[in-house]
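Descriptive structure summary
The primary structure of each chain is shown beneath.
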Amino acid sequence: MPEKVKVGLIGCGAISGAYLKHGKDFPILDFVAAADMNRAAAEAKAQEYGIPRVMSVEELLADRSVELVLNLTVPKAHAPVALAAINAGKHTYAEKPLAITREDGRRIIDAAKSKGVLVGCAPDTFMGAGIQTARKVVDSGRIGRPVGFTAFMLCKGHEHWHPSPEFYYEVGGGPVFDMAPYYLTALMNLLGPVQRLTSQASIQIPERTITSQPKNGKKVTVETPDHVMGTLSFAGGAIGLLGMSFAARSRRTTASSRSASLEPRAPCRCRTPTSSTARCGCGGSRTRTGATCRTNSRPATAARWGWRTWRTRSARAGRSAPAGSRRCTCWT
Ligand SMILES: NC(=O)c1ccc[n+]([C@@H]2O[C@H](COP(=O)([O-])OP(=O)(O)OC[C@H]3O[C@@H](n4cnc5c(N)ncnc54)[C@H](O)[C@@H]3O)[C@@H](O)[C@H]2O)c1
């Protein structure tokens with residue numbers, strides 16, 4: 001039986017239920033306390049998921065039994081909560097973004113180093129089967145050298161479903177801090193570090209009206225760009241387009257070489273199907289997948305055939321699965 005890590009949760013809002021539900025699948029996690037600036041939110045989650053103690057944020061940070069602070073507050077609170085946790089000698093894991101300024105992000109890393117504690121941050125979706133299979137396809141040379149990519153996550157925003165969507169339109173919100181971490185992490189995992197970028201940003205819809213409950217009808221002033229387009233060049237030479245928007249509609253991510261392309265459908269999910277225009281390995285004709293391999297009528301998404309091919313070869317060679325290739329911590 002592995003030794004359990006005692007986790008104190010700070011921020012008991014919309015996403016916390018996913019962590020608490022799926023956290024039960026990880027035997028090393030032991031949720032011992034919950035806190036929120038809105039105590040009623042912490043009490044409700046503690047009761048629903050059987051967390052033994054509800055505390056104020058200050059009490060949780062001072063509690064010696066808490067080893068790791070899970071920081072699920074809104075983006076502008078990520079850095080202050082993380083720094084307070086680190087200064088209290090605790091490891092910390094935050095939802096994205098790590099911080100809303102580069103300086104605060106650096107402060108968190110420096111503080112953790114000097115205190116000898118660990119810092120983690122979402123997203124971890126790139127460790128899921130979809131992106132890892134895309135990575136395997138790229139690494140194997142099957143599509144040749146990637147020269148370009150497109151990554152578009154253009155949606156209408158979150159005020160139609162989230163119960164408290166205001167933070168998406170405050171400084172620290174916006175589509176870049178909200179969604180780009182998934183896409184950039186996936187792209188960096190496939191293509192290496194970013195070397196240069198250019199971008200333009202604008203506020204396209206200056207005022208939003210919440211249509212979800214319980215704040216239906218409330219107006220929200222948009223303080224941060226809700227529509228951002230950029231070009232990025234990666235160390236390996238790939239140049240492509242990144243578009244993040246709460247004011248338009250389209251989703252598409254591809255990494256392309258001269259001969260083929262890979263398309264993870266939703267980098268914000270662990271098990272995103274990844275389709276490929278490279279040969280599917282059945283010996284038949286090229287296939288555009290997500291659909292079906294035309295030669296042998298089997299589903300031929302890269303995620304499926306990549307994993308299956310790898311598993312078969314690995315079984316023959318007596319190798320075990322790479323860490324994170326199947327088991328993943330998807331909260332969405
Ligand atoms: N909602 C989603 O589907 C989703 C998905 C992935 C990631 N996330 C990320 O998770 C984080 C939280 O999102 P959410 O949707 O749960 O937001 P939310 O507004 O529903 O919940 C945030 C909670 O944090 C509390 N809080 C805020 N500042 C605090 C502080 N300084 N101290 C203590 N408590 C504080 C609020 O009272 C609230 O209960 C964000 O960074 C968001 O980007 C959300």
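Quick summary incoming for the structure in this document. Predicted, not measured: the structure shown is a model, and the values here were computed from it. (Residues numbered from 1 in each chain as written. Predicted model: local features only at pLDDT ≥ 70, side-chain atom pairs only at ≥ 80, totals over all residues.)

1. Considerations on the overall build of the protein chain
Test applied: Only DSSP runs of H or I reaching four residues or more are called helices, and only runs of E reaching two or more are called strands; each is numbered from the N terminus. Around each residue's C-beta, the other C-beta atoms within 10 Å are counted; 20 or more make the residue buried, 12 or fewer make it exposed, and counts in between make it partly exposed. All C-beta atoms are placed from the backbone. Any pair of residues counts as being in contact when their C-beta atoms, constructed from backbone geometry, are within 7 Å of one another.
Each helix and strand counted, the protein chain has 9 helices and 15 strands in total. For the protein chain, buried positions account for 39% of its 332 residues. Contacts in the protein chain between residues far apart in sequence, at least 24 positions, make up 66% of those at least 6 positions apart.

2. With respect to the site of the ligand
Applicable threshold: Think of it this way: take the backbone, place a C-beta atom on it, and check whether that atom is within 6 Å of the molecule or strand, in which case the residue is near it. Ten residue types, Ala, Val, Leu, Ile, Met, Phe, Trp, Tyr, Cys and Pro, are classed as nonpolar, four, Asp, Glu, Lys and Arg, as charged, and the remainder, Gly among them, as polar. What fixes the domain bounds is an automatic or database domain assignment.
The environment of the ligand is made up of 24 residues, and the closest members are G11, G13, A14, A77 and E95. The class makeup of the residues in the shell around the ligand is 13 nonpolar, 7 polar and 4 charged. When residues of the shell around the ligand are assigned to domains, at least three map to each of domain 1 (5-121) and domain 2 (126-317).

3. Observations regarding the packing of helix α4 (residues 75-87) against helix α5 (residues 102-115)
Note the following rule: Simply put, an axis is a line fit to the C-alpha atoms, just over the touching stretch for a helix, and the angle between two N-to-C directions goes from 0 to 180 degrees. The cut-offs work like this: below 35 degrees is roughly parallel, past 145 is roughly antiparallel, 65 to 115 is roughly perpendicular, and the gaps in between are oblique.
Contact pair α4 / α5: the axes reach a minimum separation of 9 Å and the direction vectors enclose 10 degrees. With respect to each other, α4 and α5 are oriented roughly parallel. From α4, A79, A82, L83, I86 and N87 reach across to α5, where they touch D104, R107, I108, A111, A112 and K115. Its residues assigned to classes, the contact of α4 with α5 comprises 7 nonpolar, 1 polar and 3 charged.

4. Some thoughts on the environment of G172
Of note, G172 is situated in the loop between β7 (148-154) and α7 (174-178). Taking the C-alpha atoms as reference points, G172 and A99, separated by 73 residues in sequence, lie 8.1 Å from one another. In this structure G172 touches P75, K76, I100 and F177, once residues within four positions along its chain are discounted.

5. Side note on the packing of helix α6 (residues 129-139) against helix α8 (residues 180-191)
To keep things clear, this is the line we draw: Left-handed describes a crossing whose near helix is turned anticlockwise from the far helix through less than a right angle; right-handed describes the clockwise counterpart.
In contact at an axis separation of 9 Å, α6 and α8 are set at 25 degrees when each is read in the N-to-C sense. Comparing the axis directions of α6 and α8 gives the class roughly parallel. Where α6 crosses over α8, the two elements pack in a sense that is right-handed. Mapping the contact onto sequence places I131, A134, R135 and V138 in α6 and A186, N189 and L190 in α8. In terms of residue class, the contact of α6 with α8 is made up of 5 nonpolar, 1 polar and 1 charged.

6. Notes on the pairing of strand β5 (residues 91-94)
This is how the line gets drawn: Between any two strands, pairing holds if DSSP finds at least two bridges. Assignment of crossover handedness uses the view with strands pointing away from the viewer, where a clockwise path from the first strand over the helix to the second indicates a right-handed crossover.
Pairing of strand β4 (residues 68-71) with β5 involves 4 bridges; the strand directions are parallel. Looking at β5, one finds that L70 is bridged to Y93. In this fold, the crossover linking β4 to β5 by way of α4 has right-handed handedness. Sheet analysis places β5 next to strand β6 (residues 119-121), joined by 3 bridges and oriented parallel. Across the sheet, the residue bridging to T92 is V119, located in β6. In the classification by handedness, the crossover that spans β5, the intervening α5 and the parallel β6 is right-handed.

7. Remarks on the nonpolar core
Operational definition: Note on terminology: a nonpolar core is a set of buried residues of type Ala, Val, Leu, Ile, Met, Phe, Trp, Tyr or Cys, with members joined through C-beta atoms within 7 Å.
Counting residues in hydrophobic clusters, the biggest one holds 64 residues, and the most contacted among them are L9, A33, A34, A35, L60 and Y183. With 7 residues, the single largest contributor to this core is α8. Split by domain, the residues of this core number at least three in each of domain 1 (5-121) and domain 2 (126-317). Among all residues touching Y183, those that are not within four sequence positions of it are A151, M153, L242, T253 and P267.

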